[in-house]
Protein chains: 2
Amino acid sequence: MAGEAASALGLSMAVLAEDPGDAACAVAAEVVLGSPLVEAELRALARRCDVITFDHEQVDLALLAALKEDGVVIRPGLDTLAMAVDKAHMRAVLVEAGVAVPAHIVVETGSGDETAGAVTGFGAEHGWPIVLKIARGGYDGKGVWVAGDPAEAAAIMAPLTGTVLVEELVPLEAELAVMVARRPSGQSVAWPAVETAQVGGVCREVLVPGRWPPEVIAQAGMLGQQVAELAGAVGVLAVELFWSRGQLLVNEIAARPHNSGHWTIEGSVTSQFENHLRAVLDLPLGSGAPQHAQVASVNLFGGPAGEDPAALLARGLAIPGAHIHLYGKGARPGRKLGHVTVCGDDAALVREQAWAAALALGTPRPDGLRLPEGVS
Amino acid sequence: MAGEAASALGLSMAVLAEDPGDAACAVAAEVVLGSPLVEAELRALARRCDVITFDHEQVDLALLAALKEDGVVIRPGLDTLAMAVDKAHMRAVLVEAGVAVPAHIVVETGSGDETAGAVTGFGAEHGWPIVLKIARGGYDGKGVWVAGDPAEAAAIMAPLTGTVLVEELVPLEAELAVMVARRPSGQSVAWPAVETAQVGGVCREVLVPGRWPPEVIAQAGMLGQQVAELAGAVGVLAVELFWSRGQLLVNEIAARPHNSGHWTIEGSVTSQFENHLRAVLDLPLGSGAPQHAQVASVNLFGGPAGEDPAALLARGLAIPGAHIHLYGKGARPGRKLGHVTVCGDDAALVREQAWAAALALGTPRPDGLRLPEGVS
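Novice: Now, about the relation of the copies chain A and chain B: what can you tell me, with residues and values included?
Specialist: Take chain A, turn it by 180°, move it 0.0 Å along the axis, and it overlays chain B with an RMSD of 0.0 Å. Both copies of the chain, as the preceding transformation shows, are related through a two-fold rotation axis. Looking at the interface residues of chain A, 100% of them are also at the interface in chain B, so both copies use one shared face.

In structure tokens:
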């Protein structure tokens, strides 16, 4: 999607990809085969680019620091990336600045009884169940577990290495997300906060503006701006929020275009992808104002019997107003393969149409998320 | 732009290009180097594609007919392409069906006195000046001349070969255009008719809906649908219209996404590029409904002193609401390099912003087209 935005602006995008079949390669002007964790391959990319940016967090900060030393322009910068790749560090920065986050402690695996004692003590204080998260490398629900008691916590921790975040299971009224684009100068643009629904830690739908009153949306927006500033973000920053007990807590951040911002392609004046490119190139940002009263965006997944949205495109496109985005990835059961966005005036109708298209495209019904009445 | 739409739908686009530097190559999943006029090269493309479609009319109909014989799927079909590549044939089909077109005759060059006599007779009947157009190969004002008298007509005709259309100089109140997308089944979707402004035969701006009353817009839409049906179009068809003496006349058709439809990318529910792909793949079409009360789209050209919009991007993006599309082509004075679209509620404001962005991007002021007051 960043490649499509780059093409429209006449920008030439080179992609570092491990597999020439990766979807981004099809739309990139140049492809460098390699890994972002291998210095020579990362340098091969850098030689072709004015600016290096990212669409995931699986990066080696030391390697990026070495490139930066040699004058390679890396945006977002290393401080922002350090927060994005390490949840423990991110939490520490936010706590230091007085930003509300879920109650948590940070423990190191391999410290035996001491760690087990800390986890048990945390559970006793905040109540079981608790949440365990690896500080680095988790995504889309991977690397996150809920433990009901000390024994279960110990069993989850046993195979883990590195730093683990031990966290209260926050009683959620809603999950919100806010996207902010920020230039090197600090100039920033925010999109309206949205409501997201996750199942098993995986985002299933994004509703704009969602069910929450304007003051909550406005407060979320300000919190997003504050976090983007704290992180010194350049490019797009996604801030995932919990709305709990009348308070907004910062859960996660991502220093890149994010699933919760896909709705912006059709739903707002400027998409997150275009503003990410503008921001990392230090070009004026576009407005994040919504263009419709209501937007619903639903993620597409491979079905259990091999259902592939690419093969079902005619069914999905038959749904009025369905903007379908397929990511060019091979279908596997449960793999995220695209999303569909519907814009309009009626919250119930856009959600119904988006889900109708998703189901028509083979996406399984989500467990634990009530679909609109009319959707079959 | 078709490549960007293909990417979003997860479709794989292969491009036949003579130069690997052609802009479409940067966004295409596959590139076949070659010419559409060379059989082996066209067949190399065909082997990689389920459907072949076009973004210009410089095609060899006999060659395409041979491929079709061998089962290659070509959309639009040969009958539609025959109209699009030959203005004389196009006019004959329209006249036969009773569609109003400018008064004209068709003459063959190289017939000496007979042709000269026919041209002079036409001028005497319809009044001088008259318009001369080569039937094949003209575009963007190339291949079109205005002759003030028989001597000037003879001088223009002298170096030409092939068929020439001799046409009245229609007293224009406006030029309109209508885009229609049509599937093999005949199912079609039209976008609202738009007003276009040409300078020297080159489109400079597109205004939606323009200054014309709804009944003219509606009549233009119906005429577009009629022509698309007559042409048996599959894919997108552009119909360029003259509004003259209270009547709509069909001037030209193009059987592909067209400059007068670029506004649809941001301005309507479904872009002409997406619906062209949907139509040629026989997938359900999306709505062509406008999403804004007013849209202005202004073309970008290289400036006389080498001004290049790619180098002036920061200035253009600073204009609020400017959606900039650069085509990745090298800047040359007068070369069409992109377009900018602005959507909103106020016709004067969107036109002003679009022109402000175009001038900021180095596009020269057009001769003979009055710019909005506020634009500097």
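Now that the structure has been shown, we can carry on.
Novice: Requested: an account of helix α9 (residues 214-230) of chain A, with residues and values cited.
Specialist: Residues and elements named next belong to chain A. The end-to-end C-alpha distance of α9 is 24 Å, a good match for the 24 Å that 17 residues give at a rise of 1.5 Å each. For α9, every residue scored as buried is listed here: Val-216, Ile-217, Ala-220, Gly-221, Leu-223, Gly-224, Val-227 and Ala-228. Down the axis of α9, the buried set is contained in an arc of 165°. They therefore lie on one face. Turned more than 90 degrees off the buried face of α9, the exposed positions are Pro-214, Glu-215, Met-222 and Glu-229. Looking at the buried positions of α9, the neighbouring elements they touch are α6 (87-96), β7 (174-182), β11 (235-244) and β12 (247-254). Following α9 by one or two positions, Gly-232 has its phi on the positive side, about 60°.

Novice: Describe the sheet that holds strand β5 (residues 144-147) of chain A, naming the residues involved and giving the relevant values.
Specialist: All names here are of chain A. Taken in spatial order, the four strands of this open sheet run β3-β6-β4-β5, and their pairing is antiparallel. The open sheet has two edge strands with one neighbour each: β3 (104-108) and β5. Pairs of neighbouring strands in the sheet enclose a mean axial angle of 25°, with direction left out of account. Direction of pairing for β3 relative to strand β6 (residues 163-168): antiparallel, over a ladder of five bridges. Residue pairing for β6: Ile-105 is matched across the bridge by Val-166. Running over the sheet, α6 touches β3, β4 (130-134) and β6 and is turned about 55° from β6. Across the sheet, helix α8 (residues 150-157) is in contact with β3, β4, β5 and β6; its angle to β5 comes to roughly 155°.

Novice: I'd love a proper account of the sheet that holds strand β4 (residues 130-134) of chain B, names of residues and values included.
Specialist: Residue and element names in this part refer to chain B. The four strands lie next to each other as β3-β6-β4-β5, forming an open sheet whose pairing is antiparallel. Looking at which strands have only one partner, the edges of the open sheet turn out to be β3 (104-108) and β5 (144-147). Recorded for the sheet is a direction-independent mean angle of 25° between the axes of neighbouring strands. Sheet contacts for helix α7 (residues 113-126): β3, β4 and β6 (163-168); angle to β3, the most-contacted strand, approximately 170°. Most of the contacts of helix α8 (residues 150-157) go to β5, to which it runs at about 155°, and overall it touches β3, β4, β5 and β6.

Novice: Kindly report on the packing of helix α3 (residues 39-48) of chain A against helix α4 (residues 61-69) of chain A, identifying the contributing residues and their values.
Specialist: Residue and element names in this part refer to chain A. Interaxial distance between α3 and α4 falls to 11 Å at its minimum, and their mutual angle equals 45°. The angle between α3 and α4 falls in the class oblique. When the axes of α3 and α4 are compared, the crossing they make is right-handed. Side by side, α3 and α4 meet where Glu-39, Leu-42, Arg-43 and Ala-46 of the first sit next to Leu-63, Leu-64, Ala-66 and Leu-67 of the second. Residues that form the contact of α3 with α4 fall into these classes: six nonpolar, no polar and two charged.

Novice: An account of the side chain of His-323 of chain A is requested, with residue identities and associated values reported.
Specialist: The residue His-323 of chain A is located in strand β14 (residues 323-326) in this model. Under the relative-accessibility criterion, His-323 of chain A is labelled buried at 11%. When residues no more than four places from it in sequence are discounted, the contact partners of His-323 of chain A are Glu-266, His-339, Val-340 and Thr-341 of chain A together with Val-269 of chain B.

Novice: Kindly report on the state of the cysteines, identifying the contributing residues and their values.
Specialist: In a disulfide, the sulfur atoms of two cysteines are held together by a covalent bond. All names here are of chain A. Inspection of every chain in the model, using the stated rule, returns zero disulfides over all chains. No disulfide involves Cys-25; its sulfur sits 13 Å from the nearest other cysteine sulfur, which is in Cys-49. Judged by its relative accessible area of 9%, Cys-25 falls in the buried class.

Novice: Could you give an account of the environment of Lys-336 of chain A, with specific residues and numbers?
Specialist: Residue and element names in this part refer to chain A. Mapped onto the fold, Lys-336 is located in strand β15 (residues 336-344). For Lys-336, a relative accessible area of 15% corresponds to the buried category. Taking the C-alpha atoms as reference points, Lys-336 and Asn-299, 37 residues apart in sequence, are found 7.0 Å from one another. Not counting residues up to four positions away in its chain, the partners in contact with Lys-336 are Asp-140, Asn-259, Asn-299, Leu-300, Phe-301, Tyr-327 and Lys-329.

Novice: Can you lay out empty space enclosed by the protein for me, pointing to particular residues and giving the numbers?
Specialist: In total, this model carries one cavity of 30 Å³ or more according to the counting rule given. As a volume, the largest cavity reaches approximately 780 Å³. The wall of the largest cavity is formed by 32 residues, among which Ile-265, Glu-266 and His-325 of chain A together with Ile-265 and Glu-266 of chain B lie closest to the centre. When contributions to the lining of the largest cavity are tallied by element, the ones reaching two or more residues are α1 (2-8), α10 (264-267), α11 (272-280) and β14 of chain A together with α1 (2-8), α10 (264-267), α11 (272-280) and β14 (323-326) of chain B. In terms of residue class, the lining of the largest cavity is built from 14 nonpolar, 12 polar and six charged.

Novice: Outline the packing of aromatic side chains, listing residues and values.
Specialist: All names here are of chain A. Under the criterion given, the structure shown has two aromatic pairs over all chains. Measuring from ring centre to ring centre gives 6.2 Å for Trp-212 and Trp-243, while their planes differ by 65°; the resulting arrangement is edge-to-face. Of this pair, Trp-212 sits in the loop between β10 (202-208) and α9 while Trp-243 sits in strand β11, and the two are 31 residues apart along the sequence. Relative accessible area serves as the criterion here: at 18%, Trp-212 is assigned to the buried category. When its relative accessible area of 10% is taken as the criterion, Trp-243 is described as buried.

Novice: Residues and numbers for helix α13 (residues 347-360) of chain B, please.
Specialist: Owing to its 3.6 residues per turn, the α-helix aligns residues three or four sequence positions apart on the same side. Residues and elements named next belong to chain B. In this model α13 runs 20 Å from its N-terminal to its C-terminal C-alpha over 14 residues, within 8% of the 20 Å that 1.5 Å per residue would give. Of the surrounding secondary structure, the elements contacted by the buried residues of α13 are β10 (202-208), β13 (294-301), α12 (313-317) and β15 (336-344). Here α13 starts with a cap whose side-chain oxygen sits 2.9 Å from the backbone nitrogen of Ala-348, and that cap is Asp-346. Of the residues flanking the end of α13, it is Gly-362, one or two places downstream, whose phi is positive at about 95°.

Novice: If you had to explain the interface of chain A and chain B to someone new, which residues and values would you point to?
Specialist: At the interface, 26 residues of chain A touch 26 residues of chain B. The junction of chain A with chain B conceals about 2,300 Å² of combined surface from both sides, 58% of it contributed by carbon and sulfur atoms. Put simply, chain A and chain B have zero salt bridges between them. Here chain A is connected to chain B by eight residue pairs in polar contact (both at pLDDT 80 or more). Broken down by secondary-structure element, the contributors of at least two residues to the side of chain A that touches chain B are α1, α2 (23-27), α11, α12 (313-317) and β14 of chain A. The biggest single contributor to the side of chain A that touches chain B is β14 of chain A, with four residues. Of the residues that constitute the side of chain A that touches chain B, the class distribution is 17 nonpolar, six polar and three charged.

What counts as what
- Note on numbering: residues in each chain are counted from 1, in written sequence order.
- Working convention: letters from A go to chains and numbers from 1 go to ligands, in the order in which they are written.
- Predicted model: local features are reported for residues with pLDDT of at least 70 only, side-chain atom pairs are reported and counted for 80 or more only, and whole-chain, interface and lining totals are derived from all residues.
- The basis for every side-chain value is the complete set of non-hydrogen atoms in the structure, without hydrogens or water.
- A least-squares superposition brings the copies together, and it is based on the C-alpha atoms of residues with pLDDT no lower than 70 in both.
- Any two residues having at least one pair of non-hydrogen atoms within 4.5 Å are treated as being in contact.
- Elements are defined by DSSP. Helices are runs of H or I of four residues or more, strands are runs of E of two residues or more, and each kind is numbered from the N terminus.
- To estimate how far a helix should reach, multiply one less than its number of residues by 1.5 Å.
- Burial here depends on accessible area, computed with a 1.4 Å probe over protein chains only, as a share of the maximum for the residue type. Under 20% is buried, over 50% is exposed, and the range in between is partly exposed.
- Each direction from the helix axis to a C-beta atom contributes to the arc, which is the arc of those directions.
- In this scheme, strands are said to pair when DSSP sees at least two bridges between them.
- Only the stretch in contact is used when fitting a helix axis, every axis being a line fitted to C-alpha atoms; angles between N-to-C directions are given from 0 to 180 degrees.
- Oblique is the label for any angle not covered by the other classes, which are roughly parallel (under 35 degrees), roughly antiparallel (over 145) and roughly perpendicular (65 to 115).
- By definition, turning the near helix anticlockwise from the far helix through less than a right angle yields a left-handed crossing, and turning it clockwise yields a right-handed one.
- Classification used: nonpolar for Ala, Val, Leu, Ile, Met, Phe, Trp, Tyr, Cys and Pro, charged for Asp, Glu, Lys and Arg, polar for all others including Gly.
- Criterion for a disulfide: a pair of cysteine sulfur atoms at a distance within 2.5 Å.
- Here a cavity means grid points, on a 1 Å grid over the protein atoms only, where a 1.4 Å probe fits yet cannot get out; a pocket means an open set of points with protein on both sides within 12 Å along at least five of seven lines; lining residues are those with an atom within 4 Å of a point.
- Grid points are joined across faces, edges and corners, and a volume is the space filled by probe spheres set on the points.
- Each Phe, Tyr or Trp ring, with Trp reduced to its six-membered ring, pairs with another whose centre is within 6.5 Å; inter-plane angles below 30 degrees give stacked pairs, above 60 give edge-to-face pairs, and intermediate values give tilted ones.
- Between N or O atoms, a polar contact is any pair within 3.5 Å; within protein, one atom must be a potential hydrogen donor and the other a potential acceptor, and residues adjacent in sequence are included only when both atoms are from side chains.
- By buried area we mean how much accessible surface two parts lose on assembly, using a 1.4 Å probe and totalling the loss over both.
- Each reported salt bridge corresponds to a side-chain nitrogen of Lys or Arg within 4 Å of a carboxyl oxygen of Asp or Glu.

Read these as layout, nothing more, since geometry by itself doesn't imply function.
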